Amino acid sequence: MESQDKKIFKSIFAFLVFAFLAENIFAQFQPEQNFKEDEIDSELQREFVMYHSLTNLNLDPHTSAYVFEAQILNSVYEGLFSYNAATLEPDNALAQEYRISRDKLRWTFTIREGAKTSSGKIIDAQTIKDSWLDLIANKSAYYSSLLDVIKGAREFRLGQGKRSDVAINVLGNKLSVELVKPTSHFNKILCHHAFSAVPQDSSASGAYYVESVTPFKLILKKNPNYWNSEQVHIPQITVNFTDDAEAQSHAFNIGAADWVSGPAEMKRILDKRAIQLSAEFGTEYLFFKNDSPIWSNSEFRNAVLTAIPWNQLRGESMFPAKTLVCPSAGYTSPEDLDYTDIDEAKLMIESAKKKAGISDETLELIFAIPDNEYMINRAEILRAPLKEIGVELKTLKIPVQIYLTSIASTKADLFLYTWIGDFADPLAFLELFRGDSSMNDSKWRDDEFDALLDEAAFTNDAREHNALLSKAEDILLSSGEVIPISHPVTCNIIDLRMVGGWIANAMDIHPFKDLYFKKVEYEFKNVVLK
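Here we summarise the structure given alongside this text. (Residues numbered from 1 in each chain as written. Predicted model: local features only at pLDDT ≥ 70, side-chain atom pairs only at ≥ 80, totals over all residues. Heavy atoms only, no water.)

1. As for the packing of helix H7 (residues 298-307) against helix H9 (residues 342-356)
Helix-helix packing: each pair is described by the crossing angle between the helix axes and the interaxial distance. Rule in force here: Here the axes come from fitting lines to C-alpha atoms, over the contacting stretch only for helices, and the angles between their N-to-C directions go from 0 to 180 degrees. Numbering of helices and strands runs from the N terminus, with a helix taken as a DSSP run of H or I at least four residues long and a strand as a DSSP run of E at least two residues long. If an angle is under 35 degrees, it is roughly parallel; if it is over 145, roughly antiparallel; if it lies from 65 to 115, roughly perpendicular; otherwise it is oblique. The crossing is said to be left-handed when, going from far helix to near helix, the turn is anticlockwise and less than a right angle, and right-handed when the turn is clockwise. Residues are treated as being in contact if the distance between any of their heavy atoms lies within 4.5 Å. Throughout this entry, Asp, Glu, Lys and Arg are counted as charged residues, while Ala, Val, Leu, Ile, Met, Phe, Trp, Tyr, Cys and Pro are counted as nonpolar. The remaining residues, Gly among them, count as polar.
At a minimum axis separation of 8 Å, H7 and H9 run at an interaxial angle of 165 degrees. One element, H7, and the other, H9, form an angle in the roughly antiparallel class. Where H7 crosses over H9, the two elements pack in a sense that is left-handed. Contact with H7, carried on its side by Glu-299, Phe-300, Asn-302, Ala-303, Thr-306 and Ala-307, involves Ile-342, Glu-344, Ala-345, Met-348, Ile-349, Ser-351, Ala-352, Lys-353, Lys-355 and Ala-356 of H9 and no other residues of that element. Residue composition of the contact of H7 with H9, by class: nine nonpolar, three polar and four charged.

Given below as structure tokens:
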């Protein structure tokens, strides 16, 4: 039985997420005290200490895919644009200015004069061009297909074209990019760390550089060559990695940690005002990998979905997800996935077997799961109903630290994923299932789905854009390819009376370059001074 404290805490979480998703998911969580003050006391600025759970940190901006790595990489590398933490809209970074041609097919970026890397090398238009082309050429680059909007990029990525055919041109200190079709969200895409300026020597182009890194500690130092270094106030960021939740809570309570983003024990946090709860623009879901003739067949997949006890599967969710795309203003989600009928599922699986010429044998479904209690329990919820329709669920446990990076090479039928949108648009979710996308681990493909994504990407009408994406999502859900579970909620522990520049947002992105220490005015109530 749950304790009363746990029930209250879960209720707070659920209420917060519901309120968040009922409104515009990108228009909240902008506490007034988080915005920078006109005067920042330089004497207060010191080492900033952060705690996070253990992770196999990948600091290659071209191949990194984890959310926390994005937090680091957005500080070490910078591209033409960066995220505005308050609005999640693009801020000019290495692009001093840009213009879009009248036909919306050519974007021209003027690169900041004098921008340098941490090693002192000039960052110019050629640096950006080489970085993007290196990204497209990298077979392990997860986000490279987002540049398919550039002429020649898709062909080069798939080995059907040449590097020189990609329509990225250097014109002095300007970068000219020719697109396949008008793409209004192009600058939003370019906020992502994958599209940063990455020099050949891998030196930092952002506000910080990596001083040292071990499995248990990362030290970042302020980059003195950063183009906007005068507005970067913290001299050093130290990140300690540990899975000891009690140690994280203790470190925060005694002032040894300024920010805890790992699994701290919140009940041990003395100042509950430091607990920052935020809903994320993300979804936790299961998906089928289309390698086998059985589970690449939508009829078999839909039989499984019809047998799923959805309420149980989503039972521990603060906010259950019934579609893939996280709800947001202006987007109408397709019909929910929440229908359960074992008898109907039996008929569906038998019909699918008959069409496929399969005898009455039991089907095997291999479910690759992270080796933790939560996912072991999710698998057990699925096991009995699937057995009832003639499907034997076998679990393959994979260490949590390597789970995501192992998906592409693991031979299994069903996987878990938690996806946080990389830019503020439903397209950020649906791109995961585009047929030839570099992010498509499922290998699912549907020509009509792809065509709708293309059409949505190239329209400048927001209402039409969202309607096309909703239709595409409906095709995906109807195929039985994904099993939505929940929309995540993040918890960070940070005293916003002491730390400025930290703004809660739907992508849980908090640029280190914005942080600074404030003078704390503590209130002592009911104290009589003599």
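2. Brief notes about the sheet that holds strand E4 (residues 95-100)
Note the threshold: Two strands pair if DSSP finds at least two bridges between them.
Strand order in this open sheet of four strands is E4-E5-E7-E6, and the pairing throughout is antiparallel. This sheet does not close on itself; its edge strands, each paired only once, are E4 and strand E6 (168-171). For this sheet, the mean inter-axis angle between neighbouring strands, taken without regard to orientation, is 20 degrees. Sheet topology note: the E4/strand E5 (residues 106-111) ladder contains five bridges and is antiparallel.

3. With respect to the side chain of Thr-183
For clarity, the threshold we go by: Whenever a nitrogen or oxygen atom comes within 3.5 Å of another N or O atom, the pair is scored as a polar contact, on the condition that within protein one atom can donate a hydrogen and the other can accept it, and that pairs from neighbouring residues in sequence are kept only if both atoms are in side chains.
Position of Thr-183 among the secondary structure elements: in the loop between strand E7 (174-178) and helix H5 (186-189). Within the structure, Thr-183 has its side chain in polar contact with the backbone oxygen of Lys-181 (distance 3.0 Å). Excluding residues within four positions of it along the chain, Thr-183 makes contact with Lys-104, Trp-107, Val-149, Ala-457 and Phe-458.

4. Concerning the packing of helix H13 (residues 447-457) against helix H14 (residues 462-478)
It is the contact of H13 with H14, at a shortest axis distance of 8 Å, that shows an interaxial angle of 165 degrees. Of the possible angle classes, the one that applies to H13 and H14 is roughly antiparallel. You can see that H13 and H14 cross each other, and the crossing is left-handed. Taking contact as the criterion, the partners of Glu-448, Phe-449, Leu-452, Leu-453, Glu-455, Ala-456 and Ala-457 in H13 are, on H14, Glu-464, His-465, Leu-468, Leu-469, Lys-471, Ala-472, Glu-473, Ile-475 and Leu-476.

5. Quick notes on the nonpolar core
Among soluble globular proteins, nonpolar side chains are generally buried collectively. Note the threshold: Remark: nonpolar core denotes a set of buried residues (Ala, Val, Leu, Ile, Met, Phe, Trp, Tyr, Cys) joined through side-chain atoms within 4.5 Å. Think of it in three bands: residues with accessible area under 20% of the maximum for their type are buried, residues over 50% are exposed, and the middle band is partly exposed, with areas taken using a 1.4 Å probe on protein chains only.
Grouped together as the largest cluster of nonpolar side chains are 112 residues, with contacts concentrated most on Leu-80, Phe-109, Trp-132, Ile-150, Phe-186, Phe-195 and Phe-433. Counting residues in each nonpolar core, the second largest holds 28 residues, with Phe-68, Ile-234, Val-239 and Trp-502 among its members.

6. Some remarks on the pattern of salt bridges
As a reminder, the rule being used: One speaks of a salt bridge when a side-chain nitrogen belonging to Lys or Arg is within 4 Å of a carboxyl oxygen belonging to Asp or Glu.
This structure, assessed with the given rule, holds 26 salt bridges. The shortest N-O distance in the salt bridge between Lys-188 and Glu-89 comes to 4.0 Å. On the criterion of sequence distance, the pair formed by Lys-188 in helix H5 and Glu-89 in the loop between strand E2 (81-83) and strand E3 (90-92) is long-range, its members being 99 residues apart. Between Arg-154 and Asp-436 there is a salt bridge, and its shortest N-O distance comes to 2.4 Å. Taken together, the positions of Arg-154 in helix H4 (residues 153-157) and Asp-436 in the loop between helix H12 (427-430) and H13 put the pair 282 residues apart, joining distant regions of the chain. In this structure, a network of salt bridges that share partners links the residues Asp-148, Arg-154, Arg-157 and Asp-436.

7. Observations concerning the state of the cysteines
What counts, and what does not: The criterion for a disulfide is a pair of cysteine sulfur atoms lying within 2.5 Å.
For the coordinates displayed, the defined rule picks out zero disulfides. Of all cysteine sulfurs, the one in Cys-326 lies closest to Cys-191, which takes part in no disulfide; the gap is 19 Å. As a non-bridged cysteine, Cys-326 has Cys-491 as the owner of its nearest cysteine sulfur, 18 Å distant. Cys-326 gets classed as buried once you look at its relative accessible area, which sits at 0%.

8. So, unusual backbone geometry
The phi torsion at Leu-88 lies on the positive side, around 65 degrees, for a residue other than glycine. You can see Leu-88 is positioned in the loop between E2 and E3. Accessibility expressed as a relative area gives 5% for Leu-88, which makes it buried. Positive phi outside glycine occurs at Ser-202, with the angle close to 60 degrees. Mapped onto the elements, Ser-202 comes out in the loop between H5 and strand E8 (208-214). Accessibility expressed as a relative area gives 44% for Ser-202, which makes it partly exposed.

9. Examining the environment of Gly-255
Mapped onto the fold, Gly-255 is located in the loop between helix H6 (245-253) and strand E11 (259-260). Gly-255 sits 206 residues away from Val-49 along the chain, and the two C-alpha atoms are 9.5 Å apart.

10. A short note on helix H3 (residues 125-137)
Stated precisely, the cut-off is as follows: Each residue after the first adds 1.5 Å to the expected span of a helix.
If you check H3, its first and last C-alpha atoms are 19 Å apart, about what 13 residues at 1.5 Å a residue would give, namely 18 Å. Turning to H3, its buried residues number three or more, namely Ala-125, Thr-127, Ile-128, Ser-131, Trp-132, Leu-133, Leu-135 and Ile-136. Residues of H3 that are buried make contact with E5, H4, E6 and E7. With a side-chain oxygen lying 3.2 Å from the backbone nitrogen of Gln-126, the N-terminal cap of H3 falls on Asp-124.

11. Describing the packing of aromatic side chains
Aromatic ring pairs are described here by two measures, namely the spacing of the ring centres and the angle between the planes. Going by this rule: Stacked, edge-to-face and tilted labels apply to pairs of Phe, Tyr and Trp rings (six-membered ring for Trp) whose centres lie within 6.5 Å, assigned for plane angles under 30 degrees, over 60, and everything in between, in that order. Only lysine NZ and arginine CZ atoms are considered, and such an atom sits over a ring when it is within 6 Å of the ring centre and within 35 degrees of the ring normal.
The tally for this structure, following the rule as stated, stands at 28 aromatic pairs. Between Phe-281 and Phe-429 the ring centres are 4.9 Å apart and the planes differ by 90 degrees, which places this aromatic pair in the edge-to-face class. Here Phe-429 lies in helix H12 and Phe-281 lies in the loop between strand E12 (275-279) and strand E13 (282-288), a separation of 148 residues in the sequence. Pair check on accessibility: Phe-281 and Phe-429 agree, each one buried. Seen from their ring centres, Trp-444 and Phe-449 are 5.1 Å apart, and the 80 degrees between their planes marks the pair as edge-to-face. Each member of the pair, Trp-444 as well as Phe-449, carries the same accessibility label: buried. Here a set of aromatic residues connected by ring pairs shows up, and it is made of Tyr-142, Tyr-143, Tyr-285, Phe-287, Phe-415, Tyr-417, Trp-419, Phe-433, Trp-444 and Phe-449. Here Arg-46 stacks its cationic end above the ring of Phe-517, 3.9 Å away from the centre of that ring. The cationic tip of Arg-112 hangs over the ring face of Trp-227; the distance from NZ or CZ to the ring centre is 3.8 Å.

Function cannot be inferred from these measures alone, as they are strictly geometric.
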